[in-house]
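Coordinate analysis (summary)
Okay, here's what each chain looks like letter by letter:
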Amino acid sequence: MRLKRKPVDLAEGDLTPMIDMTFQLIAFFMVLINFAQTEANDNVVLPNSQLVKPPETALTFPIILHVAKDGQIFLGGDDYTVDTLRVGLRRELAVIKAEGKEPGDANVIIRGHKDTATGKVQEIIQVAQEQQLTNFALRAKEDRS
Amino acid sequence: MKIRGSHEAEKSQLSMTSMIDVVFLLLIFFVMTFKIVELEGDFSVRMPLASDASAVSDPTDLPLKLRLSADAGGNLASIMLNDSSLGNDDAAFDRLRANIVDIVGTAAPMEGDEGPEIEIDADYNLRYENVIRAFTAVSGYKDGNQIVKLIEKVKFAKPRNGG
């Protein structure tokens, strides 16, 4: 009888420490998870800057433009070039106007890749200015070194 | 006694398998969706429309001019503040900051529309990273944990042709 019992004991080894660890891991990942990652774009690696701080209040009516290394512009799931961007901007502005606001109330957030050409960013600003947009924000990654 | 004994034994034999299955599924979900959050912030640029800009006629209000030129590869070739060259090495941005501190002085940062203005004029193919470094240099510096602000009004000059 004794010999038979031993394998049963082995199969029921104590699971408590493992479950403890697993719950701790789950708690860790749950706390750190951030669903508000919709702003990011895989094509964009932001430049670093020591001075930028995460904004305390969110900008009003943000229009987020992701500028990839080759100058391709991503706005709300569609991609544009400098020449076609005005179509996308007009669409955004239509939403803003529908809410009774002016283009001057909107904030254009430019998330430019660190190696993209500066001229591309300037052209984007020019196109946005043609649509009466005046507030721009250049986004950078906080460098804490 | 006999009944009690058998009852306790049954309780301790509750099957853990299903719970562990679910727990591992949860764990895998969180591991897969996990992404380290990088803190981001903005430099604000106000670019009034051209018709407003032409209204400025006071010559003493002219902005400082910062010229960033690039070589063929898009790397920084030189920094010019007004007419003085600041070189193109790593310390150039520090020199730029030192010059801005000299110009702005140690006066308390001015609120609203007051204060000096700087215009960045960069070559078309200059890598964007350099512009952000220039922005960082002219808009302030870190003193310990405090950020000292220098110039808050930064704008771009007309884009140069190229590309």
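In case you missed it, the structure is sitting above this.
Residues numbered from 1 in each chain as written. Chains lettered and ligands numbered in written order. Predicted model: local features only at pLDDT ≥ 70, side-chain atom pairs only at ≥ 80, totals over all residues. Heavy atoms only, no water.

For the rest of this paragraph, the subject is the overall build of chain A. Each helix and strand counted, chain A has four helices and six strands in total. Start at the N end of chain A and walk to the C end: the helices and strands fall as α-α-β-β-β-β-α-β-α-β. A buried classification covers 41% of the 145 residues belonging to chain A. In chain A, once contacts between residues fewer than 6 apart in sequence are set aside, the share between residues at least 24 apart is 77%. In the form shown here, chain A has an accessible surface area of approximately 8,600 Å², with 54% of it arising from carbon and sulfur atoms. (Helix = DSSP H or I, 4+ residues; strand = E, 2+ residues; numbered from the N terminus. Buried < 20%, exposed > 50% of the residue type's maximum accessible area, 1.4 Å probe, protein only. Contact = heavy atoms within 4.5 Å. Areas by Shrake-Rupley, 256 points an atom, 1.4 Å probe, with all protein chains shown as cover.)

Broken down by element type, chain B carries five helices and eight strands. Secondary structure of chain B in N-to-C order comes out as α-α-β-α-β-β-β-α-β-α-β-β-β. Of all intrachain contacts in chain B linking residues separated by at least 6 positions in sequence, the fraction that spans at least 24 positions is 65%. Counting only carbon and sulfur atoms, one obtains 55% of the accessible surface of chain B, whose full area is about 10,400 Å².

With that out of the way, let us pick up the packing of helix α4 (residues 92-104) of chain B against helix α5 (residues 128-139) of chain B. Residue and element names in this part refer to chain B. Running from amino to carboxyl end, α4 crosses α5 at an angle of 35 degrees, the nearest separation of the two axes being 8 Å. For the pair α4 and α5, the crossing hand works out as right-handed. Residues F93, L96, R97 and I100 of α4 form the contact with α5, whose participating residues are N130, R133, A134, T136, A137 and V138. Looking at the contact of α4 with α5 residue by residue, the classes come out as six nonpolar, two polar and two charged. (Axes fitted to C-alpha atoms, helices over the stretch in contact; angles between N-to-C directions. Left-handed = near helix turned anticlockwise from the far one by under 90°. Nonpolar A, V, L, I, M, F, W, Y, C, P; charged D, E, K, R; others polar.)

Moving on to the pairing of strand β7 (residues 146-149) of chain B. Residue and element names in this part refer to chain B. Both strand β6 (residues 140-143) and β7 contribute to a ladder of four bridges, which runs antiparallel. Considered in β7, the bridge of D143 is made with Q146. From the end of β6 to the start of β7, which pair antiparallel, there are two residues, and G144 there has a positive phi angle of about 65 degrees. (Pairing = 2+ DSSP bridges.)

A word on a nonpolar patch on the surface. Together, L15(A), M18(A), F23(A), M16(B), M19(B) and F24(B) give the surface a local cluster of nonpolar side chains, amounting to about 470 Å² of exposed area. Put simply, the parts of the chain that give the nonpolar patch at least two residues each are α2 (16-32) of chain A together with α2 (17-33) of chain B. One can find M16(B) in the loop between α1 (2-12) and α2. A residue is classified by how much of its surface remains accessible, and M16(B), at 36% relative accessible area, is partly exposed. (Patch = residues over 30% accessible without salt bridge, like charges linked within 9 Å, V, L, I, M, F, W, Y side chains within 5 Å. Salt bridge = Lys/Arg side-chain N within 4 Å of Asp/Glu carboxyl O.)

Attention now goes to the interface of chain B and chain A. Taken together, the contacts link 48 residues of chain B with 57 residues of chain A. It is E40(B), Y124(B) and Y128(B) in chain B that bury the most area against chain A; as a group they hold 17% of the surface buried on that side. Across the chain B-chain A interface, the total number found is four salt bridges. Between R139(A) and D42(B) there is a salt bridge, and its shortest N-O distance comes to 2.7 Å. On inspection of chain B and its partner chain A, the count reaches 15 residue pairs in polar contact (both at pLDDT 80 or more). Listed by contribution, the elements that provide at least two residues to the side of chain B that touches chain A are α2, β1 (40-46), β5 (117-122), α5 and β6 of chain B. A total of nine residues in the side of chain B that touches chain A trace back to one element, the largest contributor, which is α2(B). Taken together, the residues that form the side of chain B that touches chain A break down as 30 nonpolar, eight polar and 10 charged. Two strands pair when backbone bridges link them, and strand β6 (residues 135-142) of chain A and β1(B) are joined in this way by seven bridges, in the antiparallel orientation. Bridging across to β1(B), L138(A) finds its partner in F43(B). (Buried area = accessible area lost by both parts, 1.4 Å probe. Polar contact = N/O pair within 3.5 Å; in protein donor to acceptor, adjacent residues only side chain to side chain.)

Moving on, we get to the packing of aromatic side chains. Residues and elements named next belong to chain B. Following the criterion strictly, the structure yields four aromatic pairs over all chains and no others. Ring centres 5.1 Å apart and planes at 65 degrees place the aromatic pair F29 and F30 in the edge-to-face group. Its relative accessible area of 40% is what places F29 among the partly exposed residues. We classify F30 as buried; its relative accessible area is 9%. (Phe/Tyr/Trp six-rings, centres within 6.5 Å; stacked < 30°, edge-to-face > 60°.)

So, on to unusual backbone geometry. Residue and element names in this part refer to chain A. Positive phi, close to 70 degrees, is recorded for Q132, a residue that is not glycine. Mapped onto the elements of the fold, Q132 is located in the loop between α4 (118-130) and β6. Judged by relative accessible area, which is 42%, Q132 ranks as partly exposed.

Here the focus is the pattern of salt bridges. Scanning the model with the defined rule gives 13 salt bridges over all chains in all. We note a salt bridge from K65(B) to E119(B), for which the minimum N-O separation is 2.9 Å. Of this pair, K65(B) sits in strand β2 (residues 64-70) while E119(B) sits in strand β5, and the two are 54 residues apart along the sequence. For E119(B), a relative accessible area of 15% translates into the label buried. Among the ionic pairs, R97(B) bridges to D94(B), the shortest N-O distance being 3.9 Å. In this pair, R97(B) and D94(B) are both assigned in helix α4, three residues apart and thus about one turn of the helix distant. Under the relative-accessibility criterion, D94(B) is labelled partly exposed at 47%. Through salt bridges with shared partners, a single network forms among R111(A), R139(A), E40(B) and D42(B).

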